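Architecture and fold: a report
Spelled out from the first residue to the last, the chains are:
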Amino acid sequence: TWWELGGVALASVALAWLTKRWVEDPVRRSPWFVGSARATAGVLVVCTAAGVLAGVALQAYAGHQERVATARAQAAAAAHPDCFGAASLLSGADCSAYAHELWTSPVAAAADKPRLYADSCWNNEPYDTRHTCTYGPADATVHVALVGNSHAGHWFPPLEEVATERGWQITTYVASVCYPVDVPLSYPDPAATAGCSDWNAWVRRQVMGGGYDLVVMSSRTDQLISDVPRARQDETAQQAYTRTLAAFTGAGAQVLVMRDTPNFPSSVPDCVAASPEQDCTVARATGLEPDPLADAARADTSGHVHLLDVTDLLCDAQVCHGVIGSAIT
């Protein structure tokens, strides 16, 4: 509130004056410092060293806390498999005893990204790189391509789990923001517009000629298509996705499209950290953005395109939840 902000400002001024009057000025004007350059230098060295050591210690402590938080989440998932995360919605178990528990830390959740980032499998503006990563056995009999932007990349951990269990091999084709269509997307930098188009054309060639058995696709379709009125953006994107799906199935692959996940207006971990009641939700109608890729998959009649929509594990009829089964979504 305005009066709280005003109180903070007044307290800051008062503390600044008091510390200057009773701490800074007496130290700065001390005869011991003024009369000895060696003493001054010694104090500076000690203070600098203390600051550096404090920073190193804090960084080490933060890393330790993050590891502890991750271990706690893993332990909770192992101890309460029917009540952790989406399992609480699928298992039919009575999880009311854990309704106010939070088994994932907001700090750990904010830092939790697929290994694709650490492994440098990513391609960013202006899309002049061709970074891909391949995981799984060289002699695998099933080859999977993961195609899309970061909203495909965030499905990599569960996909890798399935692939590891079944001995499949996964190759990634992921780029930030740029989504796999055959029409140019509009970026402020013309080099990014051209680069995204070149990247998508290259991905299509790689996937069509790669002998893939399965192509897993997901994308957030929020970058505008060049020279297309806003009213026709979704329609144009769906048509472009339809052509991409046809190209992949025409090359002999099955395609699994993951319907895009809901979008929150702000950081979910930040919201959870600030809300003791974990009351972090967004209206389903607001969070669930249009997904032309899912619409194209739904309309496909080839029998080779399959759609997986997990929205009902993230949202009820009214809202999408930031915490489900004591886990940050």
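Fair warning: this is a prediction, and the values are worked out from it, not measured in the lab. Per chain, residues are indexed from 1 in the order of the written sequence. Given that the model is predicted, a residue must reach a pLDDT of at least 70 before its local features are reported, and side-chain atom pairs must reach 80 or more before they are shown or counted; all residues, however, enter totals for whole chains, interfaces and linings. The basis for every side-chain value is the complete set of heavy atoms in the structure, and neither hydrogens nor water enter the calculation.

Below, the discussion takes up the packing of aromatic side chains. Two aromatic rings, drawn from Phe, Tyr or Trp (for Trp, its six-membered ring), form a pair once their centres lie within 6.5 Å of each other, and the interplanar angle then sorts them: stacked below 30 degrees, edge-to-face above 60, tilted otherwise. Evaluation of the coordinates by the stated rule reveals 9 aromatic pairs. Consider the rings of Tyr173 and Tyr212, whose centres lie 6.2 Å apart with planes at 90 degrees: the pair is edge-to-face. Remark: Tyr212 occurs in the loop between helix 9 (190-208) and strand 5 (214-218) and Tyr173 occurs in strand 4 (residues 169-175); sequence separation between them is 39 residues. Taken individually, Tyr173 and Tyr212 each receive the classification buried, so the pair is uniform in this respect. Among the aromatic residues, those joined into a ring-pair cluster are Tyr173, Trp199, Trp202 and Tyr212. Both a distance and an angle decide whether a charge sits over a ring: NZ of Lys or CZ of Arg must be within 6 Å of the ring centre and within 35 degrees of the ring normal. Just above the ring of Trp22 sits the side chain of Arg21; from NZ or CZ to the centre is 4.2 Å. Residue placement shows Lys113 over the ring face of Tyr117; its charged tip is 4.8 Å from the ring centre. Starting at the N terminus, helices and strands are each numbered in turn, a helix being any DSSP run of H or I of at least four residues and a strand any DSSP run of E of at least two. Only protein chains enter the accessibility calculation, which uses a 1.4 Å probe. A residue is then buried if its area is under 20% of the maximum for its type, exposed if over 50%, and partly exposed in between.

The next point concerns the environment of Leu288. Tracing the backbone shows Leu288 in the loop between helix 12 (284-287) and helix 13 (292-299). Classification of Leu288 as partly exposed rests on a relative accessible area of 22%. Taking the C-alpha atoms as reference points, Leu288 and Asp260, 28 residues apart in sequence, are found 8.2 Å from one another. Setting aside anything within four residues of it in sequence, one finds Leu288 in contact with Arg259, Asp260, Pro262 and Thr311. Every residue pair with non-hydrogen atoms within 4.5 Å of one another is taken to be in contact.

Bringing the state of the cysteines into the picture now. Whenever a pair of cysteine sulfur atoms sits within 2.5 Å, that pair is classed as a disulfide. Applying the stated rule across the entire model yields 5 disulfides. A sulfur-sulfur distance of 2.1 Å marks the disulfide that ties Cys178 to Cys196. Across the S-S bond linking Cys178 and Cys196, the dihedral sits near 85 degrees, which makes this disulfide right-handed. One end of the pair, Cys178, is in the loop between strand 4 and helix 9; the other, Cys196, is in helix 9, with 18 residues separating them in the sequence. For Cys196, a relative accessible area of 0% corresponds to the buried category. What pairs with Cys315 in a disulfide is Cys320, and their sulfur atoms sit 2.1 Å apart. Judged by the torsion about the S-S bond (90 degrees), the Cys315/Cys320 disulfide is right-handed.

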